[in-house]
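The primary structure of each chain is shown beneath.
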Amino acid sequence: MSNRSAAGSNLERQEIDRILRAKRQQRTSKACYPCRSRKVKCDNGHPCRTCQKRGHPHICVYDLEEPSPRKRAMLSPRNSNADASNVALPSNDQHPIRYSASPLHTRPASESTVQEDPFNYVFSGENTVISMLGSHDTDGSITHKASSVLGLQNSFSNYPFLDLKTPVDRWKALVEILPQREEILKYFHFYRTSAHPFNPILVDIDGFELVICQFLASYASGELCDSDKVSERWSSDRSVGQISLLLATLASGAHYSDLVNPERSEKYQSFARRSFQALRLANFLLRPSLEVIQSLLILGNTLQNNGQSDGAWALLGTTARLAQTLGLHTEKSISRWPEPMRPKAKALWSMTVWQDSLLSLCYDRPSMVSTRGWQLDSTTLESNLSYTDMMHYLCRLGLQINNAEERERNYLDFSLKLLAALDNVFKRVQPHLLSREQCTSLHQHLEHLALRIHVSFSVSVLCRPAIKRPPRTSLSPRLRVLRNRAKDSLVEAAKAFLDFETLSIVPLRTWSMVHTVLSSALLLCLWEETRHDPACRDLQQRVIEVFSRVGTAGKDANGQHDNRQWLSTRHVHALVALRNAVRDTPMREGDANPETQRGSPRGQPPQRLSDVMSGPGMRFGDVQPPGDFPANFDFG
C-alpha cells in the first residue's frame, strides 16, 4: 500500500512539474500588441479571443517593434482610441512608413503626428473647430474627443456594406479574387507599355513592380493559396489596397491587350470587378490611401476607355473626395509627410486633375478640383519640358477654360490670351515633341503624336466660340485669328490620329483620342468654312475608313474573330452622324462660294453649324445608321 502511495506521489509530482514548465513556457510567449498594451490576457491566437471579443480582430498582430517614448505617449488611452494600433507594413521607400490600421483619426494638419503617420488623420482645414482646438491641445486628447463628438471620425473598422464577420472570412473573400501568376505576367506588360506612358496614374511604377515581385514570391511559396490560414503580410488594409491596384492595372492592360472581342471585354471586366471587391475589403471608403486613390483612377480611366465616360465622371467625384480626405489637394497639408511621400502625393493629385480636366472639357461641365493649393511647377517656366510636363500644363489650362467667368464676358480676349500662353509654353518642349523629324525612337514618335492630339483638342475648345459665330461679310482680325487656329487644330488632330493609328493600337483604345478625332472630323464636316474644302473632306473620309475597317472586321477562314479594336456605342453614333453629313454635302466643283450652293440628292445642306448641332438627327443617341451602313458593325 505504501509503495503504491509513493508511486502515486511521484506521478503527481511529475505531472505538477510538467504543468509548471508549460506555464513558464506560456509566460515567455509574447502576447499580441493590443493585449500587451492593455496588459490583458492573450491566448496567442491569430487573431486572439480577446481581440475578437473587443471587436477589432484586424489589429491583432505580433512581433511589432517597440514604439519610441514619444510614440508610446501618443498611443496611450488618454490620447487615442482604445482600439487604435499602428501596424508596420512593407514599404518601397528607404524609410518605411507606419500606416494606421485603425479608423482614421480626425486631427488638424498642423499636428506633428502627420510626420510619423501621414494617414492617421483626416485632413481638416485651418478654419475648422478641430484645427482651432488643436492649437490649444498639447496631448491631442481634446481634439480626439471633439472629433468623435462632432461626428468627424469614422468608427467602422470594416467596410460597412460587406457582411464579413471575422478576419478569416475577409481573407477567404480576398483569396477568391487574387490574380494568378499567368495573368500578372501577361497583362501587366500591356499596361506598362500601352497605358502608363500616356496616362501615368501609377506615381511610382518602379516601386510598384517591386510589390509585384513580392506578391509573385508569396504566391509561389503557397502563402496566398490557403484560404484558412491568414497571411500577415497580405491581409493588412494597405496590402489589400496594393492587390486592388494590381488588379486595376491588369484590367487596363487587358483592355490594351491582343485579345479579340468579346474575350477582351470579358477579361477587363473580370479584373475590374475583382479590383473593386479588393477596394471594399480594404475599406476604401472609410480608410483611403495612396493605393486606393490610384486604383480608383485607373478603374475610372479604364471605364472611360470602354465608352462609359459618364460613369467615369461619377466615379471620379468619389475619387477626388477621398484624395481631399488625405489632403492631397494642397501642398501645405502634406508638408509634414515624410519627404519620400510628398512627390508621390503631388503627382497623384496632378493625375486626379488630369482626369477631371479632360472630362470637364469634353462635357463642358464645371471642374470639381483645382490646383490653387499647389505652387505652379517651376518646370513650366523652363525648357526641355517632357510629355508629362506638357500634359499637366494642358490640364491646368483646361481648368481655366472650364471655370473662368471671363470667358463668358469677353471670349475673344480670354481665348487669345490663353492661346498665347499655350504657344509660349509649347515652344519649350523637348525637341522630339516639337518636331517629328527629331524623333529617334518609336516611343518618341508616339509621344509626339499623342501630344499633338491633346494640344489640338485644347486649341479647338478654346476657339469654339469663334466657330459658333455665324459667317459675316467681314470678320475682325482677332476673330479671323481664332477661326484660322480652329481650322488648323481640327485638321491637325485628324492627321495626328491617323499617323498614330498606323503605329500603335493606343489611339483606337483610348477614349480621349477617339473623342478628339471624331469631334474634330464632325466639326470639319459641319463648319461652313471647311465643309467643302477638298483636303478636309479627304481627312474625314480617311477617318471614316479607319473606323469602318475596325468595326466591320469579320471572321477569318478558320471562323475566328479578327483582332477588332474597341469602339463604344457613343462613338459609333458619332461616326454614323459623320457619314450622314459627308453623304449629304457632296462636293460641287467650280462653286467658289459655299454659301450659294443649293440642292443635293438628299436636300439642301445646312448653312450654319449652330443650325446643324441643334437640328434633328444630330444628337448622338438619336442617330440612325444609313441604309448603306454595314449591318454587322461592331457596337462594342
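Predicted, not measured: the structure shown is a model, and the values here were computed from it. (Residues numbered from 1 in each chain as written. Predicted model: local features only at pLDDT ≥ 70, side-chain atom pairs only at ≥ 80, totals over all residues. Heavy atoms only, no water.)

Next up on the list: the overall build of the protein chain. Tallying secondary structure elements over the protein chain gives 26 helices and two strands in all. Buried positions account for 53% of the 636 residues belonging to the protein chain. Working note: accessible area of the protein chain is about 29800 Å², and carbon and sulfur atoms make up 51% of it. (Helix = DSSP H or I, 4+ residues; strand = E, 2+ residues; numbered from the N terminus. Buried < 20%, exposed > 50% of the residue type's maximum accessible area, 1.4 Å probe, protein only. Areas by Shrake-Rupley, 256 points an atom, 1.4 Å probe, with all protein chains shown as cover.)

Below, the discussion takes up the pattern of salt bridges. Should their charged atoms come close, side chains of opposite charge can pair. Counted by the stated rule, this structure contains 20 salt bridges. Taking the shortest distance from any N to any O, the salt bridge between Asp206 and Arg192 comes out at 3.5 Å. Of this pair, Asp206 sits in helix H10 (residues 205-221) while Arg192 sits in helix H9 (residues 181-195); the two residues are 14 residues apart in sequence, bridging distant segments of the chain. Look at Arg192 and you get partly exposed, because its relative accessible area is 30%. Ionic pairing is found between Arg342 and Glu339, a salt bridge with its closest N-O pair at 2.8 Å. Among the residues examined, Arg342 registers a relative accessible area of 29% and is labelled partly exposed. It is possible to trace a salt-bridge network through shared partners that takes in Arg480, Arg483, Glu528 and Glu529. (Salt bridge = Lys/Arg side-chain N within 4 Å of Asp/Glu carboxyl O.)

Next up on the list: the confidence of the model for the protein chain. Predicted confidence across the protein chain gives a mean pLDDT of 76, with 66% of residues reaching 70 or more. In the predicted structure, residues 69-120 sits below a pLDDT of 50 and forms 146 contacts with residues beyond four places in sequence or in another chain. Ignoring residues within four places in sequence, the model shows residues 552-565, a span with pLDDT below 50, making 32 contacts including any to other chains. (pLDDT = per-residue confidence, 0-100. Contact = heavy atoms within 4.5 Å.)

Taking 1.5 Å as the rise per residue, helix H13 (residues 290-305) with 16 residues should run 22 Å; its terminal C-alpha atoms sit 23 Å apart, in good agreement. Of all 16 residues in H13, 15 are buried; the element is thus mostly enclosed. Looking at the residues trailing H13, positive phi occurs at Gly307, about 90°. (Expected span 1.5 Å × (residues − 1).)

Judged by nonpolar contacts, the single largest core of 131 residues is most densely connected at Leu328 and Phe500. The dominant element in this core, judged by the number of residues it contributes, is helix H20 (residues 442-468), at 13 residues. Excluding anything up to four places from it in sequence, Phe500 contacts Phe198, Leu446, Leu449, Ala450, Ile453, Val506, Pro507 and Met513. Listed in part, the eight residues of the second largest apolar core include Ala31, Cys35, Cys48 and Tyr62. (Core = buried A, V, L, I, M, F, W, Y, C linked by side-chain atoms within 4.5 Å.)

As for its placement among the helices and strands, Thr330 is situated in the loop between helix H14 (309-325) and helix H15 (342-363). A distance of 2.6 Å separates polar atoms of two side chains, one belonging to Thr330 and the other to Ser333. (Polar contact = N/O pair within 3.5 Å; in protein donor to acceptor, adjacent residues only side chain to side chain.)

With the rule as written, the count across this model stands at nine aromatic pairs. Between Phe188 and Tyr191, the ring centres sit 6.0 Å apart and the planes meet at 35°, which makes this aromatic pair tilted. Here Phe188 pairs with Tyr191, and both are found in helix H9, just three residues apart, close to one helical turn. Taken individually, Phe188 and Tyr191 each receive the classification buried, so the pair is uniform in this respect. Through successive ring pairs, a cluster of aromatic residues spans Phe188, Tyr191 and Phe208. Its guanidinium or amino end placed over the ring of Trp234, Arg233 lies 3.8 Å from that ring's centre, counting from NZ or CZ. One cation-aromatic arrangement involves Arg365 over Tyr363; the distance from NZ or CZ to the ring centre is 3.9 Å. (Phe/Tyr/Trp six-rings, centres within 6.5 Å; stacked < 30°, edge-to-face > 60°. Lys NZ or Arg CZ within 6 Å of the ring centre and 35° of its normal.)

Before going further, it helps to examine the packing of helix H18 (residues 411-426) against H20. Where H18 meets H20, the axes come as close as 8 Å, and the angle between the chain directions of the two elements is 165°. The orientation of H18 with respect to H20, classified from their angle, is roughly antiparallel. Both H18 and H20 take part in a crossing whose hand is left-handed. Residues Tyr411, Phe414, Ser415, Leu418, Leu419, Leu422 and Phe426 of H18 form the contact with H20, whose participating residues are Leu451, Val455, Val459, Leu462, Cys463, Pro465 and Ala466. For the contact of H18 with H20, the class distribution of residues is 13 nonpolar, one polar and no charged. (Axes fitted to C-alpha atoms, helices over the stretch in contact; angles between N-to-C directions. Parallel < 35°, antiparallel > 145°, perpendicular 65-115°, else oblique. Left-handed = near helix turned anticlockwise from the far one by under 90°. Nonpolar A, V, L, I, M, F, W, Y, C, P; charged D, E, K, R; others polar.)

Here the phi dihedral of Asp364 falls at roughly 55°; this positive angle occurs in a residue that is not glycine. Position of Asp364 among the secondary structure elements: in the loop between H15 and helix H16 (387-403). With a phi angle near 60°, Asn384 is a residue other than glycine that sits in the positive phi range. Here Asn384 is to be found in the loop between H15 and H16.

On the secondary structure map, Thr516 appears in helix H23 (residues 511-526). When its relative accessible area of 2% is taken as the criterion, Thr516 is described as buried. A polar contact of 2.8 Å, which involves the side chain of Thr516, links it to the backbone oxygen of Ser512. In this structure Thr516 touches Ile453, Phe457 and Ala493, once residues within four positions along its chain are discounted.

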